[in-house]
Amino acid sequence: LHLFQSLDVADNELEELPAALADCPRLKEANFRGNRLKDKRLEKMVNNCQVKAILEYLRAGGRGKGKAENTREEARKKKREKQQKDGVDGEQDEVEEASKLLVKVLHVSTPLVVKVSPGIKDVRAFIVCCVLRGVNLEPGNTLRRFLSMQTKLHEDICEKRTAATIATHDLRLVKGPLLYDVQPPEELRITPLGRKEIKAKDLLRQLQLEAEEQRKQRKRQNISGLHRYLQLLDGKDHYPCLVDAEGIVISFPPITNSEKTKIKKDTRDLFLEVTSDTSLQICKDVMDTLILKIAELNRSALEDKGDSGSDSEPDALCGPVNSNPSQGVQPTNLPLGVEQVRVVDTDGNLKVLYPSKTDLATVSSLLTVIR
């Protein structure tokens with residue numbers, strides 16, 4: 001056998017190939033097609049693979065134990081041993097993997113575009129956006145928990161909005177393309193959440209007066225809501241804003257977004273926006289976490305049995321008090337869909353595309369991304 005250079009046993013009744021063929025170093029050509037092999041993987045290999053690969057498979061013992069499979073089996077064996085050593089049940093690990101939150105990246109031919117004006121680089125230079133489809137804010141107090149989650153992120157990962165600011169919008173009410181721009185305080189007009197249209201300069205003055213009134217009433221220095229963030233715009237000759245295709249300001253970071261694009265219980269698709277004057281990476285990290293938290297909330301909403309909680313907002317501008325979203329095992333682990341949004345300069349050159357292939361890595365231990 002070791003002298004064989006070619007072999008043709010096609011169209012016979014062979015059910016197995018002898019392992020001794022693996023000891024034929026000179027065998028360069030072989031035809032095993034047309035046989036009814038019991039080993040279905042080997043049957044596929046004889047139709048598609050080179051002789052060398054088939055011989056390696058036979059040398060390893062066959063039945064799914066080719067060279068690559070052996071390597072994988074060794075890795076699995078080591079993993080099992082480690083799990084036993086650490087007292088971790090392998091079956092439990094599989095259950096945890098199956099219950100991981102899912103997000104699917106949706107590729108669209110004409111993604112939403114945000115154009116960035118040159119003046120923004122000296123005011124609040126960085127912005128990252130995306131579209132999130134398939135949220136469910138209907139059950140119980142899910143909307144309230146959504147708003148509370150956003151407030152908590154502003155406190156924690158956004159470092160009280162000094163590192164970054166989040167804005168969430170009802171996609172149905174967002175008219176693209178969008179412009180990330182700067183405007184003078186006396187010209188920027190916005191209809192803040194829960195209030196009437198007002199100039200940015202007057203809004204900040206109004207918030208300052210409210211803050212002073214809070215201090216007097218509570219007889220202490222601590223103030224709540226947006227009043228805590230007024231100093232973030234100190235010394236700015238221009239304020240950042242996100243403007244829609246109709247010229248309406250839908251976001252005024254780091255203070256508030258607009259009543260026009262306010263999220264409600266029947267909102268299903270979101271436009272998410274994170275801005276920062278620190279770095280682009282901070283925007284991406286915050287966006288990663290925001291998507292994870294919405295996915296957690298969405299899973300909780302799917303299994304909600306009809307919570308009797310209220311979605312009334314004590315202060316639509318300042319946000320509700322914090323609460324912790326409930327968590328559980330999702331009966332139907334349906335993925336949220338995330339669409340990329342392009343951020344470009346005034347000449348149309350790409351600045352940011354989120355999510356890219358490397359984004360969402362910071363939450364990969366809790367989130368499975370289908371790309």
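Parameters at a glance
- Every chain's residues receive numbers from 1 upward, in the order its sequence appears when written.
- Restriction of local features to residues with pLDDT of at least 70 applies here, the model being predicted, together with a cutoff of 80 or more for giving and counting side-chain atom pairs; totals for whole chains, interfaces and linings are based on all residues.
- Note that the side-chain values use all heavy atoms of the structure and ignore hydrogens as well as water.
- For two strands to be treated as a pair, DSSP must find at least two bridges joining them.
- The secondary structure listing takes helices from DSSP runs of H or I that are at least 4 residues long and strands from runs of E that are at least 2 residues long, numbered from the N terminus.
- Among buried residues, those of type Ala, Val, Leu, Ile, Met, Phe, Trp, Tyr and Cys that are joined through side-chain atoms within 4.5 Å constitute a nonpolar core.
- Each residue is placed in one exposure class: buried if its accessible area under a 1.4 Å probe, protein chains only, is under 20% of its type's maximum, exposed if it is over 50%, and partly exposed if it falls in between.
- Each C-beta atom gives one direction from the helix axis, and the arc is the one those directions make.
- Between two residues, a contact is recorded if the distance between any of their heavy atoms is within 4.5 Å.
- In this scheme, a helix's expected span is set at 1.5 Å multiplied by one less than its residue total.
- Nitrogen and oxygen atoms within 3.5 Å of one another constitute a polar contact, given that in protein one can donate a hydrogen and the other can accept it, and given that sequence-neighbouring residues count only through two side-chain atoms.
- When a carboxyl oxygen of Asp or Glu is within 4 Å of a side-chain nitrogen of Lys or Arg, the pair counts as a salt bridge.
- Fitted lines through C-alpha atoms serve as axes, helices being fitted only where they are in contact, and the angles separating the N-to-C directions of these axes extend from 0 to 180 degrees.
- When describing relative orientation, an angle under 35 degrees is termed roughly parallel and one over 145 degrees roughly antiparallel, while 65 to 115 degrees is termed roughly perpendicular and anything else oblique.
- Each crossing is labelled by how the near helix is turned from the far one, with a counterclockwise turn of less than a right angle marking it left-handed and a clockwise turn marking it right-handed.
- Each residue receives one of three labels: charged for Asp, Glu, Lys and Arg, nonpolar for Ala, Val, Leu, Ile, Met, Phe, Trp, Tyr, Cys and Pro, and polar for the others, Gly being one of them.

The name that an unreviewed UniProt entry assigns to the protein chain is LRC47 protein, with the source organism given as Centropus bengalensis.

Colleague: Is there a simple way to explain the pairing of strand β4 (residues 112-116) in this structure?
Modeller: Within a regular strand, side chains alternate between the sheet's two faces. Where β4 meets strand β14 (residues 336-344), 4 bridges bridge the pair, whose relative direction is parallel. The residue of β14 that forms the bridge with lysine 115 is valine 344. With 3 bridges connecting them, β4 and strand β7 (residues 178-183) associate as parallel partners. By the bridge assignment for β7, valine 116 is matched with tyrosine 180.

Colleague: Would you explain the nonpolar core in this entry?
Modeller: Nonpolar side chains tend toward joint burial in soluble globular proteins. By size, the foremost hydrophobic cluster in this structure holds 53 residues, and its most contacted members are Val114, Phe271, Ile291 and Ile294. Sort the elements by how many residues they give to this core and helix α7 (residues 280-302) lands first, with 9 residues. With 16 residues, the next largest nonpolar core counts Ile198, Leu204, Leu233 and Tyr239 among its residues.

Colleague: How do you make sense of helix α2 (residues 51-59) when you look at a structure like this?
Modeller: Quick reminder: α-helices carry 3.6 residues per turn. Residues three or four places apart thus point the same way. Residues of α2 that are buried include every one of Val51, Ile54, Leu55, Tyr57 and Leu58, and no others. Buried residues in α2, looked at end-on, bunch into an arc of 155 degrees, giving them a common side. Seen from the open side of α2, the exposed residues pointing more than 90 degrees away from its buried face are Lys52 and Arg59. Tucked into the core, α2 has its buried residues touching β2 (29-31) and α1 (40-48).

Colleague: Any chance you could explain helix α6 (residues 200-218) here in plain terms?
Modeller: If you check α6, its first and last C-alpha atoms are 27 Å apart, about what 19 residues at 1.5 Å a residue would give, namely 27 Å. Looking at the buried residues of α6, the elements they touch are β9 (198-199), β10 (239-243), β11 (249-252) and β12 (256-257).

Colleague: Looking at this structure, how should I read the environment of isoleucine 248?
Modeller: With respect to the helices and strands, isoleucine 248 occurs in the loop between β10 and β11. Isoleucine 248 sits 12 residues away from lysine 260 along the chain, and the two C-alpha atoms are 8.8 Å apart.

Colleague: It is not clear to me how the environment of aspartate 359 should be interpreted in this structure. Could you clarify?
Modeller: Structurally, aspartate 359 is set in the loop between β15 (350-354) and β16 (367-370). Placed 72 residues apart in sequence, aspartate 359 and methionine 287 show a C-alpha to C-alpha distance of 9.3 Å. The residues contacting aspartate 359, other than those within four sequence positions of it, are Lys284, Asp288, Leu353, Tyr354 and Arg371. In terms of polar contacts, aspartate 359 uses its side chain to reach the side chain of lysine 284, at 3.4 Å.

Colleague: Help me understand the pattern of salt bridges in this model?
Modeller: Once their charged atoms are close, side chains differing in charge can pair, the charge on each being opposite to the other. In this structure the tally under the stated criterion is 17 salt bridges. Among the salt bridges present, the one from lysine 260 reaches aspartate 244, with a minimum N-O distance of 2.4 Å. Of this pair, lysine 260 sits in the loop between β12 and β13 (269-276) while aspartate 244 sits in the loop between β10 and β11, and the two are 16 residues apart along the sequence. Lysine 260 gets classed as partly exposed once you look at its relative accessible area, which sits at 25%. Several salt bridges converge on common partners, so that one network encompasses Arg133, Asp269 and Glu339.

Colleague: Just checking my understanding: could you explain the packing of α1 against α2 for this structure?
Modeller: When two helices pack together, their arrangement is given by the angle between the helix axes and by the axis-to-axis distance. Their axes nearest at 9 Å, the elements α1 and α2 cross at an angle of 160 degrees. Relative to α2, the element α1 lies roughly antiparallel. Read as a crossing pair, α1 and α2 show a hand that is left-handed. Seen from α1, the contacting residues are Arg41, Leu42, Met45 and Val46; seen from α2, they are Ala53, Ile54, Tyr57 and Leu58. Grouping the amino acids of the contact of α1 with α2 by side-chain chemistry returns 7 nonpolar, no polar and 1 charged.

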